Amino acid sequence: MQAWTDLREQGLDTGKKARLHRILYQFGLRNGTALFLPYDQGLEHGPRDFFANQAAGDPAYIARLALEGGFNGIAIQIGLAEKFYWDYAGEVPLILKLNGKTDIPPDESALSPVHATVADAVRLGADAVGYTLYVGTPAAEADFAQYRRVREDAARFGMPLVVWAYPRGSAIGAKGGKDSFYAVDYAARTASELGADVVKVNFPHPEKRAGVPAAYDTEFTAQQAIDAVVRSANRTLLLVSGGEQQGDEAMLEKARRSMEAGATGLIFGRNVWQRGHDESLAFIARLREILAKYPHERALASR
Amino acid sequence: MQAWTDLREQGLDTGKKARLHRILYQFGLRNGTALFLPYDQGLEHGPRDFFANQAAGDPAYIARLALEGGFNGIAIQIGLAEKFYWDYAGEVPLILKLNGKTDIPPDESALSPVHATVADAVRLGADAVGYTLYVGTPAAEADFAQYRRVREDAARFGMPLVVWAYPRGSAIGAKGGKDSFYAVDYAARTASELGADVVKVNFPHPEKRAGVPAAYDTEFTAQQAIDAVVRSANRTLLLVSGGEQQGDEAMLEKARRSMEAGATGLIFGRNVWQRGHDESLAFIARLREILAKYPHERALASR
Amino acid sequence: MQAWTDLREQGLDTGKKARLHRILYQFGLRNGTALFLPYDQGLEHGPRDFFANQAAGDPAYIARLALEGGFNGIAIQIGLAEKFYWDYAGEVPLILKLNGKTDIPPDESALSPVHATVADAVRLGADAVGYTLYVGTPAAEADFAQYRRVREDAARFGMPLVVWAYPRGSAIGAKGGKDSFYAVDYAARTASELGADVVKVNFPHPEKRAGVPAAYDTEFTAQQAIDAVVRSANRTLLLVSGGEQQGDEAMLEKARRSMEAGATGLIFGRNVWQRGHDESLAFIARLREILAKYPHERALASR
Amino acid sequence: MQAWTDLREQGLDTGKKARLHRILYQFGLRNGTALFLPYDQGLEHGPRDFFANQAAGDPAYIARLALEGGFNGIAIQIGLAEKFYWDYAGEVPLILKLNGKTDIPPDESALSPVHATVADAVRLGADAVGYTLYVGTPAAEADFAQYRRVREDAARFGMPLVVWAYPRGSAIGAKGGKDSFYAVDYAARTASELGADVVKVNFPHPEKRAGVPAAYDTEFTAQQAIDAVVRSANRTLLLVSGGEQQGDEAMLEKARRSMEAGATGLIFGRNVWQRGHDESLAFIARLREILAKYPHERALASR
Amino acid sequence: MQAWTDLREQGLDTGKKARLHRILYQFGLRNGTALFLPYDQGLEHGPRDFFANQAAGDPAYIARLALEGGFNGIAIQIGLAEKFYWDYAGEVPLILKLNGKTDIPPDESALSPVHATVADAVRLGADAVGYTLYVGTPAAEADFAQYRRVREDAARFGMPLVVWAYPRGSAIGAKGGKDSFYAVDYAARTASELGADVVKVNFPHPEKRAGVPAAYDTEFTAQQAIDAVVRSANRTLLLVSGGEQQGDEAMLEKARRSMEAGATGLIFGRNVWQRGHDESLAFIARLREILAKYPHERALASR
């Protein structure tokens, strides 16, 4: 297990440290771990994701769920932030997602275009911004160019930058696929090299070995894989995303292994809200139980 | 008594509401009232203010006092914010004071020049900015010009604007002086008319009547005066400042009357830290007792 | 005695820390103390300052003296930096002075206009910039406005900001004068409140009490005064300037007291170069002996 | 052997000369030669490069190795610089790498997209910036366009520009390959023609002659080849990179020949840190022995 | 006598060196000295200056005189440059004067407002720009601000900056007057401190001692005075201006002493053209005889 890093040893400037402190120690379990509710699927996949639980198509329902469930933040696009966040402003941290795309065109040259700015996030009182970086895409030139502006603005405004680091593009398929250990490990490291404060990755699959570089073409346990991914992220805080809904026990196992590896937390959307309200809260409670076992004590200045 | 205003009925945009919510409901008594620690006297009066308690000259001592005392925020200048706030970032809200001056030149044409920006406040993770407006100064043209830029930036960044509304300048002396009911009432209203989200005033003295307009030249109780001042501020939240150190009972009486009038809270500096550490905490405890009696219940979105 | 502060506990961002580290630990005695050679008198007083030692009118002579004497830096204006620093670039740190004035007009509303930028300093490979702030001047509005831009640029470029904090203007004369304990103490604190990384002050004179506020109108020893001034500067590193040439023993006594109080170092110009070359080096050697007695050990990251 | 060029005869402006002087004469052997530690492989190849020595995946380990080994600088990407360099700021020079890419997509139209700026380098206190130019790539239009902006900014800020000059792209394979004498010689000259202050090349292989132009299709010794490459770089200082780990004796031979040819130094990464800590230091010691035999005496301004 | 400085030792970047080389070695006597024809009196004094020789009111006449007389350059305002320089473009160097004023208002707060830019000078093919700096004026804040922009642009475009350094303003009269040794010496130094490449001063009058600082209140010969002024300018090339027409022998004596002191040349207007055409040429011939005696041999790169 990789030891988690105290916020004080993270290389953060004042504004980023203030905002991350708020997220990690003034919300959720207030123990330095985090549970985020991502809600950008309406753009990324379309309303089909809400067919399993029609109520979840209503952003107000999701915001209330985040409050009831004691989340550390919700991640939404600018439109929902402008229309819905006012009601809950300050009651739950906002992560404003700055880019996004539909899944209508194919993914070979995946690029997630920017449609909002860090200044928008500041104006809305957000505590972080989110950016999807497609690691390995042939469109890296455009991706890096828009990412650079986001990173610079985030630095200028002291706004934590959460990178959705997703292996994607035509070359990834032939190298183990987008959730292979190789691809996820590379993605975590890339986000760290490029300046993410927090990185969101999928749980790595070491058994996906077809076409991966030699170093990854050997036996690794799931725990070894997630341990390595957390190390690759080094001082960039790591969140594990849930992805598509899967069996609860499998999800909880992922969550446990991730926290054991030193991750900061989880960012689970569909697994949470693609079910009825009370079931959602019950599942959240089980996730919180896990997080409670891995407190990240802070070194308080006031001591 | 003026009913306090719920944040939801304040005409605030999302960012200002998020940040004020944090200050009022996630710090201090978490009941919508506020106790602030102002610490700009090193610039405004010079180090002589620290002679009564040498430890208070150290900004780190003050920051720790704010944490120990459970304050809703500290108000400091850019230099101290940059050098000291990192240690406490996010643990106590920061109100970045954007202008200030020494008391070396005379006050006839008082103007408090701007030396920091709302962008600085954003960068440092502040939850509000402070601006000293000298109500009645012959230098109002320059004052309003720089104020306008601050107000515009505060609106653009969703940053609450706290106005130190101080009657000042050669004409004020002849009209009751700077803490007459007349002058304080006018100052509160001026801040409200010009767009302050929060206004900081001195406690009004209705007995100072020499030269005041006829309307104020009659008997008012202290309670009537502070009631009127809170009404004049209308939707601008009102803070009463402590000013020079005075007897504790007098200060507590001011605090009680202010809260009774519907003020949001108190901003007490020298009365707090111009004494030993334990005495400071004891006095703070008495102030908190008062605030606890005037909770401002919020209308939660989640209900 | 105030304990000096390690660079790591100074609230510095990466660039400022890198550049201050260079100045303090890679030049001079490499022990965290500093001896600077200021050479802006040609502008501030005119060539008359060079009549005592004609060679000193030649900037190349001064640069060589800085190298021979093992100084931690030279502080010069843009013209001399552009024409002379190339020859010595990187061999001794450059502090580019960004404002300055002649002493031809009277000082009542003293203002030192800016004629160079932090970007100039970056371009010339400087390790710090210098700004003269006239504390107490009636021209504070213009002073603060140009200072703010310098401070912002210095933050943006990670360039340490050295403030020449000089009490000046018509009101200072009546309050103890420009080198009274009161005035110097206030100036040190003002620089700290406004965000200086390093402050340069004159040695305080506690015996100059005519017209000073009550707190200063009592007996203080010279040591008590300089101790207080270092405290007022808190995390802003303090340099004591030499001013006009005086007896060597008096200057060395000032130097000793300053270092005893926790100052970072000395910035002596006329006392150094208004004498022959070998005498200059002999005097410098005596200053270095004093600095060697007050090492500021750094907490090395590499340990 | 090509005579090395004194910094004073290099056509450098003040800022670039100051910063190169620091790198070459205040770090490492302080004799004008250089040993750099490149650490961008986490982005360029992914975490697999750290499998041979897991400790090397931690940027803090690498920074400490650079200090212990007496390197003249470390070359890293913005993310690691922001999160890790603060701890070592000023203790070892920083070369901020401004572009980079993953090796996931194929290399036929290789382009290394920019994700950081010279302004970032200034802000972080870097002493140089690094740019990867893919000489011969079909994507040269985009490459030159982003290079031009970097070069202009480097000139404007007085920041030395180190060009990673790498032959790459579909046409290179058919002309001797990316480390043929022909390709490396052309790359060195291209960097010099386009304005690099320092160029990093692979050691040239004169025996790779398949498809090279006639002039290169003849017998050259390794020494003749590296001599020619250094001449092609003319006033652009030349660094030889290590590339993949190879036998130590082969690497040391390369190093010796390079210094004999007049190179300024070496930039060895994987050969250094893909082994245990003590072995790394032992290998570094052997590299330093070689550099010590080729001092580049400087013409001091102070003489 | 101060040794003149070779252009190669002047701290000049490439563009400034190229343009100054043209002026000094490809025009006039081609020996590194310079004779300039200033023609801004139509703005500075009005047409009255042309009453002595009506032809001189025609800029074309002046331009032809500059060609016939073998001048190194003419200094004119934008209007004349745009309307007349086309005819002679490239045949004689152009110094575009960027600021100027009428002599209608009083001089107490003298400021010479900018009405053209360095970009205009580039567009017109000028080889230098001229700026009038009023040393000692109470309007120094505005003067320095506009000067800074000119200096920055001149650096950016590689355009030599010639500063007309004129003591002026209410305080100068009481300190020896505007052409006292004290005032001229201070002005030369100020131009040098602020970054002039060339400075134009009046010949100093050591006998004007009323009110000057003690250092200047003693006997100096004219030669001692001009020697000191050239020293004060250090690496800034010095031109002595003619001022109002005086007896020819007095002017020639000034010229001789200036060159003896190490000045680069002369800038004589009214003394040249306030007489008939042939007389002008005869006087010019005598000036050239003097310059020929003080060649400034260059160190040629090509040797």
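As the structure is a prediction and not an experimental result, all values here were calculated from the model.

1. Details of unusual backbone geometry
Here is step 1 of the chain: Located in the positive-phi region is Asn-234 of chain A, a residue other than glycine, with phi close to 40 degrees.
Here is step 2 of the chain: Along the chain, Asn-234 of chain A turns up in the loop between helix H9 (222–233) and strand E7 (237–241).
Here is step 3 of the chain: Positive phi is not limited to glycine here, since Arg-30 of chain D has a value of about 55 degrees.
Here is step 4 of the chain: Of note, Arg-30 of chain D is situated in the loop between helix H1 (14–25) and strand E1 (34–38).

2. Notes on the relation of the copies chain A and chain D
Here is step 1 of the chain: When chain A is fitted to chain D, the best match, at an RMSD of 0.1 Å, comes from turning it 71 degrees and sliding it 1.4 Å along the axis. A rotation of that kind, with that shift, is consistent with a five-fold axis. Across chain A, the smallest distance between a C-alpha and the rotation axis is recorded for Ala-142 of chain A, namely 9.5 Å.

3. Some thoughts on the packing of aromatic side chains
Here is step 1 of the chain: Tallied over the entire structure, the rule returns 48 aromatic pairs over all chains.
Here is step 2 of the chain: Pairing Phe-181 of chain A with Tyr-216 of chain A gives two aromatic rings, centres 5.0 Å apart and planes at 80 degrees, and the pair type is edge-to-face. Pair noted here: Phe-181 of chain A is in helix H8 (residues 181–194) and Tyr-216 of chain A is in the loop between strand E6 (198–202) and H9, with a separation of 35 residues, a long-range link. We note that Phe-181 of chain A, like Tyr-216 of chain A, is buried.
Here is step 3 of the chain: With a centroid separation of 5.6 Å and an interplanar angle of 40 degrees, the aromatic rings of Tyr-39 of chain E and Phe-50 of chain E are classed as tilted. In this pair, Tyr-39 of chain E is assigned in the loop between strand E1 (34–38) and helix H2 (41–44) and Phe-50 of chain E in the loop between H2 and helix H3 (59–68), connecting sequence segments 11 residues apart. Taken individually, Tyr-39 of chain E and Phe-50 of chain E each receive the classification buried, so the pair is uniform in this respect.
Here is step 4 of the chain: Here a set of aromatic residues connected by ring pairs shows up, and it is made of Phe-181, Tyr-182, Tyr-186, Tyr-216 and Phe-220 of chain A together with Phe-51 of chain D.
Here is step 5 of the chain: The residue whose ring lies beneath Lys-97 of chain D is Trp-164 of chain D, and the NZ or CZ to ring-centre distance is 5.0 Å.
Here is step 6 of the chain: Positioned over the ring face of Phe-283 of chain D is Arg-275 of chain D, at 4.4 Å from the centre of the ring.

4. Considering the UniProt feature "active site" (unreviewed entry) in chain A
Residues and elements named next belong to chain A.
Here is step 1 of the chain: Feature annotation in UniProt assigns "active site" (unreviewed entry) to the following positions: Tyr-166 and Lys-200. Spatially, the listed residues are clustered: although they cover 35 residues, their C-alpha atoms lie within 8.3 Å of one another.
Here is step 2 of the chain: Within the element layout of this structure, Tyr-166 appears in strand E5 (residues 161–167).
Here is step 3 of the chain: Of the residues examined, Tyr-166 reaches a relative accessible area of 13% and is grouped as buried.
Here is step 4 of the chain: If sequence neighbours within four positions are ignored, Tyr-166 has contacts with Thr-132, Leu-133, Tyr-134, Val-135, Lys-200, Asn-202 and Ser-241.
Here is step 5 of the chain: Positionally, Lys-200 belongs in strand E6.
Here is step 6 of the chain: If we ignore the near neighbours within four places in the chain, the residues touching Lys-200 are Val-163, Trp-164, Ala-165, Tyr-166, Leu-239, Ser-241 and Ile-267.

5. Here's the deal with the pairing of strand E5 (residues 161–167) of chain D
Residues and elements named next belong to chain D.
Here is step 1 of the chain: Most of E5 is tucked away, with seven of its seven residues classed as buried.
Here is step 2 of the chain: Alternating positions in E5 separate into two faces, Leu-161, Val-163, Ala-165 and Pro-167 on one and Val-162, Trp-164 and Tyr-166 on the other, with burial throughout.
Here is step 3 of the chain: This β-α-β element, strand E4 (residues 128–135) to helix H6 (residues 140–157) to E5, shows right-handed connectivity.
Here is step 4 of the chain: Bridge count for E5 against strand E6 (residues 198–202) is three bridges, and the pairing is parallel. What sits directly across from Val-162, in E6, is Val-198.
Here is step 5 of the chain: Remark: the E5/helix H7 (residues 181–194)/E6 crossover connection has right-handed handedness.

6. Describing the relation of the copies chain D and chain C
Here is step 1 of the chain: For the pair chain D and chain C, the relating rotation is 180 degrees, the translation along its axis is 0.0 Å, and the fit reaches an RMSD of 0.1 Å. On the angle and the small slide along the axis, the relation comes out as a two-fold axis. When C-alpha positions in chain D are compared against the rotation axis, the closest is assigned to Val-122 of chain D, at 3.7 Å.
Here is step 2 of the chain: Residue by residue, 100% of the interface of chain D is reproduced at the interface of chain C, so both copies engage with the same surface.

7. Description of the interface of chain A and chain D
Here is step 1 of the chain: Taken together, the contacts link 35 residues of chain A with 36 residues of chain D.
Here is step 2 of the chain: Taking both sides of the interface into account, the surface hidden between chain A and chain D amounts to around 2900 Å²; carbon and sulfur atoms contribute 60%.
Here is step 3 of the chain: A per-residue breakdown of the area chain A buries against chain D is headed by Tyr-186, Arg-189 and Glu-193 of chain A, which together make up 24% of the total.
Here is step 4 of the chain: One can count four salt bridges joining chain A with chain D.
Here is step 5 of the chain: Salt-bridge contacts for Lys-83 of chain D lead to Asp-197 of chain A; the nearest nitrogen and oxygen are separated by 2.6 Å.
Here is step 6 of the chain: Taken together, chain A and chain D are joined by 16 residue pairs in polar contact (both at pLDDT 80 or more).
Here is step 7 of the chain: The set of elements that each furnish at least two residues to the side of chain A that touches chain D consists of helix H6 (140–157), helix H7 (170–173), H8 and H9 of chain A.
Here is step 8 of the chain: When residues of the side of chain A that touches chain D are assigned to their parent elements, the largest contribution, eight residues, is made by H8 of chain A.
Here is step 9 of the chain: Along the lines of polarity and charge, the residues of the side of chain A that touches chain D split into 14 nonpolar, 10 polar and 11 charged.

8. Thoughts on the nonpolar core
Here is step 1 of the chain: Leu-96 and Leu-238 of chain C together with Leu-96 and Leu-238 of chain D are the most contacted members of the largest nonpolar core, which totals 173 residues.
Here is step 2 of the chain: Among the elements that make up this core, the one with the highest residue count is helix H8 (residues 181–194) of chain C (nine residues).
Here is step 3 of the chain: Contact partners of Leu-238 of chain D, with chain neighbours within four places excluded, come to Ala-188, Val-199, Val-201, Val-229, Val-230, Ala-233, Ala-263, Thr-264 and Gly-265 of chain D.
Here is step 4 of the chain: Of all hydrophobic cores here, the second largest spans 171 residues; its members include Ala-66 and Leu-238 of chain A together with Phe-203 and Leu-291 of chain B.

9. Description of the arrangement of the chains
Here is step 1 of the chain: Spatially, chain B and chain D are disjoint, and the shortest separation between their C-alpha atoms is 14 Å.
Here is step 2 of the chain: Between chain A and chain E there is no contact, and the shortest C-alpha to C-alpha distance separating them is 26 Å.

10. Some words on the environment of Pro-295 of chain B
Here is step 1 of the chain: Relative to the elements of secondary structure, Pro-295 of chain B occurs in the segment after helix H11 (277–292).
Here is step 2 of the chain: In this structure, the C-alpha to C-alpha distance between Pro-295 of chain B and Glu-244 of chain B, residues 51 residues apart in sequence, is 27 Å.

11. Some thoughts on the pairing of strand E2 (residues 73–76) of chain B
Every other side chain in a regular strand lies on the same face of the sheet, so the side chains alternate between the two faces.
All names here are of chain B.
Here is step 1 of the chain: Of the two faces of E2, the one carrying Gly-73 and Ala-75 and the one carrying Ile-74 and Ile-76 are both buried.
Here is step 2 of the chain: Pairing analysis gives three bridges linking strand E1 (residues 34–38) to E2, with the strands arranged parallel. Bridged to Pro-38 within E2 is Ala-75.
Here is step 3 of the chain: The parallel pair E2 and strand E3 (residues 94–97) is bridged by helix H4 (residues 78–88), and the resulting crossover is right-handed.

Cut-offs applied
- Within every chain, residues take consecutive numbers counted from 1 along the sequence as written.
- Each chain is given a letter, starting from A, and each ligand a number, starting from 1, according to the order in which they appear as written.
- Per-residue local features of the predicted model are confined to residues with pLDDT of at least 70, and side-chain atom pairs are confined, for both listing and counting, to 80 or more; whole-chain, interface and lining totals are unaffected and use all residues.
- With hydrogens and water excluded, all non-hydrogen atoms of the structure serve as input to the side-chain values.
- Here a helix means four or more residues in a row that DSSP labels H or I, a strand means two or more in a row labelled E, and each is numbered from the N terminus.
- Residues reaching a pLDDT of at least 70 in both copies supply the C-alpha atoms on which the copies are superposed by least squares.
- Between rings of Phe, Tyr and Trp, where Trp is taken as its six-membered ring, a pair exists when centres lie within 6.5 Å; planes separated by under 30 degrees are stacked, by over 60 edge-to-face, and by other angles tilted.
- A 1.4 Å probe rolled over the protein chains alone gives each residue an accessible area, and that area as a share of the maximum for its type sets the label: buried under 20%, exposed over 50%, partly exposed in between.
- Criterion for a charge above a ring: Arg CZ or Lys NZ at most 6 Å from the ring centre, at most 35 degrees from the ring normal.
- UniProt positions are given in the numbering used here, feature names are shortened, and annotations may be inferred rather than shown by experiment.
- Two residues form a contact once any of their heavy atoms are found within 4.5 Å.
- A clockwise course of the path from the first strand over the helix to the second, judged with the strands pointing away from the viewer, identifies a crossover as right-handed.
- Two strands qualify as a pair provided that DSSP identifies no fewer than 2 bridges between them.
- Buried surface area refers to the total accessible area, computed with a probe of radius 1.4 Å, that the two partners give up upon joining, counted for both partners together.
- When a carboxyl oxygen of Asp or Glu lies within 4 Å of a side-chain nitrogen of Lys or Arg, that pair is called a salt bridge.
- Polar contacts, as counted here, are pairs of nitrogen or oxygen atoms within 3.5 Å of one another; within protein the pair requires one atom able to donate a hydrogen and one able to accept it, and residues that are adjacent in sequence qualify only if both atoms are side-chain atoms.
- Put simply, Ala, Val, Leu, Ile, Met, Phe, Trp, Tyr, Cys and Pro go in the nonpolar bin, Asp, Glu, Lys and Arg in the charged bin, and everything else, Gly too, in the polar bin.
- Remark: nonpolar core denotes a set of buried residues (Ala, Val, Leu, Ile, Met, Phe, Trp, Tyr, Cys) joined through side-chain atoms within 4.5 Å.

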